[in-house]
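Below are the chains, spelled out letter by letter.
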2 protein chains.
Amino acid sequence: MFESSHLAKKYKIKKCECPSGKMTRFVEPCLLFFLSRKSSYGYELMERLNNFGFQEAKPDPAMVYRTLRYLEKEGCVSSKWDTGQAGPAKRNYTLTSKGLALLHAWAEGIAIRRQVLGKFLNQYKEHFKGKKPLNVSSK
Amino acid sequence: MFESSHLAKKYKIKKCECPSGKMTRFVEPCLLFFLSRKSSYGYELMERLNNFGFQEAKPDPAMVYRTLRYLEKEGCVSSKWDTGQAGPAKRNYTLTSKGLALLHAWAEGIAIRRQVLGKFLNQYKEHFKGKKPLNVSSK
DNA sequence: TCATATATATGTATATTACATATAGTATAC
DNA sequence: GTATACTATATGTAATATACATATATATGA
């Protein structure tokens, strides 16, 4: 019912109507968290994101690689090439103390965000509990 | 620590470093839900958003008004001018049955999203439970 | 009348995500 | 030996979403 998309027109809103409600920049805290457990590289981190519980399709490699580079630019991770293994060289990332602080900050923000979603859902459930829709036009 | 922002350069990532992790398009389900309880107009809905629990600053009027117009274009709400009251005319919005269906779809998506955040937080808490940071360089 | 509150709306810069594509090393199947 | 697939990183750009600025108009109270 909400799948059709629209012609792009400047300054007219055009978007996917699917109510996914994704969390903005959620890959960033995930990467920080994965790295807090173990140093790793883009391709493997991508696979872990994939198994994390996203209902969305596979995470975009571009997102993963660019986020890692951004985090490095900010001093939140550091990297070095790993050419020791078989296969193409990997860029191995390690969390820095600044990155750890950022992860903790993210965790606080995510906890608050989760509470807001809970508040929404509680009010929603309360309102529609065993109830026919009200205040809704038949159009 | 994460407040500084960067010079804009094309195709270089530039963003606010605050880990807000806002939920994409969250005003949309909020507006739908508010309207499911009572027909209303932009300015009042804006105030309700303000009291909903956002840690963010006041919601942007542009977001509210444009989202309402978008929802009307999609047939999820309908509006008519209310000139009966004192003050400037209000555009009064009413939820349609399509809008109600969209609200229900949003609620499902939000519930899933909340679970993902919970999963993240559980793993995070588990990992850092009474523990000194590990695998973190001292840089 | 001047400031303030109410009310709606648009313009555009910035931020974020999605999709496409490029490159290259290695393995294995034929 | 070479075509194919998998591993691995990276960039270009279109589409989407948010943030900030600003414009307009009505009404109220100092």
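Small disclaimer: the values here were computed from a predicted structure and weren't measured. All chains use their own residue numbering, which begins from 1 and follows the written sequence. Following the order in which they are written, the chains are lettered starting with A and the ligands numbered starting with 1. Note on the predicted model: pLDDT of at least 70 is required for a residue's local features to be given, and 80 or more for side-chain atom pairs to be given and counted; whole-chain, interface and lining totals, by contrast, use all residues. Note that the side-chain values use all heavy atoms of the structure and ignore hydrogens as well as water.

Next up on the list: the sheet that holds strand β3 (residues 90–95) of chain A. Residue and element names in this part refer to chain A. DSSP-based pairing: two strands are paired if at least 2 bridges between them are found. Runs of E in the DSSP output that reach at least two residues are strands. Runs of H or I that reach at least four are helices, and both are numbered from the N terminus. What the three strands build is an open sheet, ordered β1-β3-β2; its pairing is antiparallel. The two strands at the open ends of the sheet, each matched to only one other strand, are β1 (40–41) and β2 (77–82). Judged from the two bridges that link them, β1 and β3 form a sheet pairing that is antiparallel. Within β3, the residue paired with Ser-40 across the bridge is Tyr-93.

What follows covers the packing of aromatic side chains. In this analysis, rings of Phe, Tyr and Trp, with Trp reduced to its six-membered ring, are considered paired at centre separations within 6.5 Å, and the interplanar angle assigns stacked below 30 degrees, edge-to-face beyond 60, and tilted for intermediate values. Inspection of the entire model under this criterion finds 11 aromatic pairs over all chains. Judged by centre distance (5.0 Å) and plane angle (55°), the ring pair of Tyr124(A) and Phe128(A) falls under tilted. A residue pair is termed a helical-turn pair when its members lie 3 or 4 positions apart in one helix, as Tyr124(A) and Phe128(A) do in helix α4 (residues 97–128) at four residues. Per residue, the accessibility class of Tyr124(A) equals that of Phe128(A), and both read buried. Members of the aromatic cluster, connected to one another through ring pairs, are Phe26(A), Phe33(A), Phe34(A), Phe120(B), Tyr124(B) and Phe128(B). The cut-offs for exposure are 20% and 50% of the maximum accessible area for each residue type, with area from a 1.4 Å probe on protein chains only; residues under the lower value are buried, those over the upper are exposed, and the others partly exposed.

Residues and elements named next belong to chain A. The interhelical angle for the contact between helix α1 (residues 27–37) and helix α2 (residues 42–50), taken along N-to-C directions, is 115°, at an axis separation of 10 Å. As judged from the angle between their axes, α1 and α2 are roughly perpendicular. Every pair of crossing elements has a handedness; the one defined by α1 and α2 is right-handed. On the side of α1, the interface is formed by Val-27, Cys-30, Leu-31, Phe-34 and Leu-35, while α2 contributes Leu-45, Arg-48 and Leu-49. In the scheme used here, Gly and all other residues not listed as nonpolar or charged are polar, with Ala, Val, Leu, Ile, Met, Phe, Trp, Tyr, Cys and Pro taken as nonpolar and Asp, Glu, Lys and Arg as charged. Partitioning the contact of α1 with α2 into residue classes produces seven nonpolar, no polar and one charged. Only C-alpha atoms enter the line fits that serve as axes; for helices the fit covers just the stretch in contact. Angles between N-to-C directions range over 0 to 180 degrees. By definition in this entry, angles of less than 35 degrees are roughly parallel, angles greater than 145 are roughly antiparallel, angles of 65 to 115 are roughly perpendicular, and the rest are oblique. By convention, the crossing between two helices is left-handed when the near helix turns anticlockwise from the far helix through less than a right angle, and right-handed when the turn is clockwise. A contact between two residues is defined here by any heavy atoms of the two lying within 4.5 Å.

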